[in-house]
Amino acid sequence: MFKHDQSPLVRSSRYASRRSARRPALATLPLLDQAHAMAPAANGRGQHTRLRRADMPRPAAAVLQLLAAEARIEKLESELAEARQAAFTDTLTGALNRRGFDEACQRELARARRNGSELAIALIDLDDFKRLNDTMGHQAGDQALVHLVKGLRAALRPSDILCRFGGEEFVVLLPDTALAEAAAAISRFQRQFAATTMAGSNLVITFSAGVVAKDRSESLEESILRADAATYAAKRAGKNCVVTG
């Protein structure tokens, strides 16, 4: 009689233990105001029990709250990083915009002053960009800008700073680089660029560039103006060439 009466409880306890082992630990559950759990009943069958946050052990509830807070912080940090990236980059090409370029340059200029290193600046302007837009449409013009930036990124060093300065003009800051070395690097890229066609078409795009070495006595804006003057000299010389200033 004793054995007959207790055997359902023994089976129920083993069954409940196996189910409990398969359930995740409490600390791994999401933070909820209430939850359901299965508890063994006297008749050997499981019965549902409603658990509230107040019923949880305090250490487990504290861990859940901490994990939830950390998740919210990580999400906010990710959103802030994305917003910062969007504020500092050109939406079409992914190059830095003027704001991002100014911030990056200030850091590089400070480092150059500390180390006494050289800085070179190149201003790149796509040739006949207005005619491209007028004859083939603005979509083709956008593709040409993306094509140029993609090629520049493949050719430049990780330390070089690329900015879409405005329209079809791009500025490259080359740290630790003398004038002759910078002009040679831009000229080498120019030859490669003129030998490739734009993706999805047979169109070849060229650019004119002016390259200068930043003088320590002048501001960054003054150096860029000299590079711009050298670029116009390249345009007058027949385009698709590099002029130093």
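In what follows, the structure referred to is the one given above.
Residues numbered from 1 in each chain as written. Predicted model: local features only at pLDDT ≥ 70, side-chain atom pairs only at ≥ 80, totals over all residues. Heavy atoms only, no water.

Draft legend 1. Main features of helix α4 (residues 129-136). Every buried residue belonging to α4 is among F129, L132 and N133, and all of these are buried. Buried residues along α4 cover an arc of 95° about the axis, so they all sit on one side. Across α4 from its buried face, at more than 90 degrees, point the exposed residues K130, R131, D134 and T135. Buried residues belonging to α4 abut β3 (119-126) and α5 (138-155). The positive-phi residue at the C-terminal boundary of α4 is G137, with phi of around 100°. (Buried < 20%, exposed > 50% of the residue type's maximum accessible area, 1.4 Å probe, protein only. Helix = DSSP H or I, 4+ residues; strand = E, 2+ residues; numbered from the N terminus. Arc of directions from axis to C-beta. Contact = heavy atoms within 4.5 Å.)

Draft legend 2. Inspection of the pattern of salt bridges at higher detail. On inspection of all chains with the given rule, the structure shows eleven salt bridges. A salt bridge links K235 to D127; the nearest nitrogen and oxygen atoms lie 2.9 Å apart. Pair noted here: K235 is in helix α7 (residues 220-236) and D127 is in the loop between β3 and α4, with a separation of 108 residues, a long-range link. There is no split in this pair, since K235 and D127 are both buried. One continuous salt-bridge network, built from bridges that share partners, spans E108, R111 and D176. (Salt bridge = Lys/Arg side-chain N within 4 Å of Asp/Glu carboxyl O.)

Draft legend 3. Just the sheet that holds strand β4 (residues 161-166), in detail. Taking strand neighbours across the sheet as the criterion, the five strands line up as β4-β5-β3-β6-β7 in an open arrangement whose pairing is mixed. Of all the strands in the sheet, just β4 and β7 (242-244) have a single pairing partner and so form its edges. Within the sheet, the average angular offset between the axes of one strand and its neighbour, ignoring direction, is 20°. Strand direction decides the pairing type here: β4 and strand β5 (residues 169-175), joined by five bridges, are antiparallel. Note that in β5 the partner of R164 across the bridge is F170. (Pairing = 2+ DSSP bridges. Axes fitted to C-alpha atoms, helices over the stretch in contact; angles between N-to-C directions.)

Draft legend 4. Broad picture of the pairing of strand β6 (residues 207-213). With respect to burial, β6 is a largely interior element, six of its seven residues being buried. Two strands pair when backbone bridges link them, and β3 and β6 are joined in this way by seven bridges, in the antiparallel orientation. The residue bridging A122 from the neighbouring strand is V211, located in β6. Judged from the three bridges that link them, β6 and β7 form a sheet pairing that is parallel. Each residue of the ladder has a partner; that of V211, found in β7, is T244.

Draft legend 5. Quick peek at the side chain of D127. D127 gets classed as buried once you look at its relative accessible area, which sits at 8%. Among the polar contacts listed, one links the side chain of D127 to the side chain of K235, at a separation of 2.9 Å. When neighbours within four sequence positions are excluded, D127 is seen to be in contact with T206, F207, S208, K235, K239 and N240. (Polar contact = N/O pair within 3.5 Å; in protein donor to acceptor, adjacent residues only side chain to side chain.)

Draft legend 6. Here's a closer look at α7. Between the first and last C-alpha of α7 there are 25 Å, a value that for 17 residues agrees with the 24 Å anticipated at 1.5 Å per step. Among the residues making up α7, those that are buried are L220, S223, I224, A227, A230, T231, A234 and K235. With its buried residues spanning 150° around the axis, α7 presents them on a single face. The outward face of α7, more than 90 degrees from its buried face, is lined by the exposed residues E221, L225 and R236. Those residues of α7 that are buried are in contact with α3 (98-115), β3, β4, β5, β6 and β7. G238, located one to two residues past α7, shows a positive phi value of around 120°. (Expected span 1.5 Å × (residues − 1).)

Draft legend 7. Highlighting the side chain of D90. Along the chain, D90 turns up in the loop between α2 (58-88) and α3. The class for D90 is buried, based on a relative accessible area of 15%. Leaving out residues up to four positions away in the same chain, D90 has contacts with A95, L96, N97 and R164.

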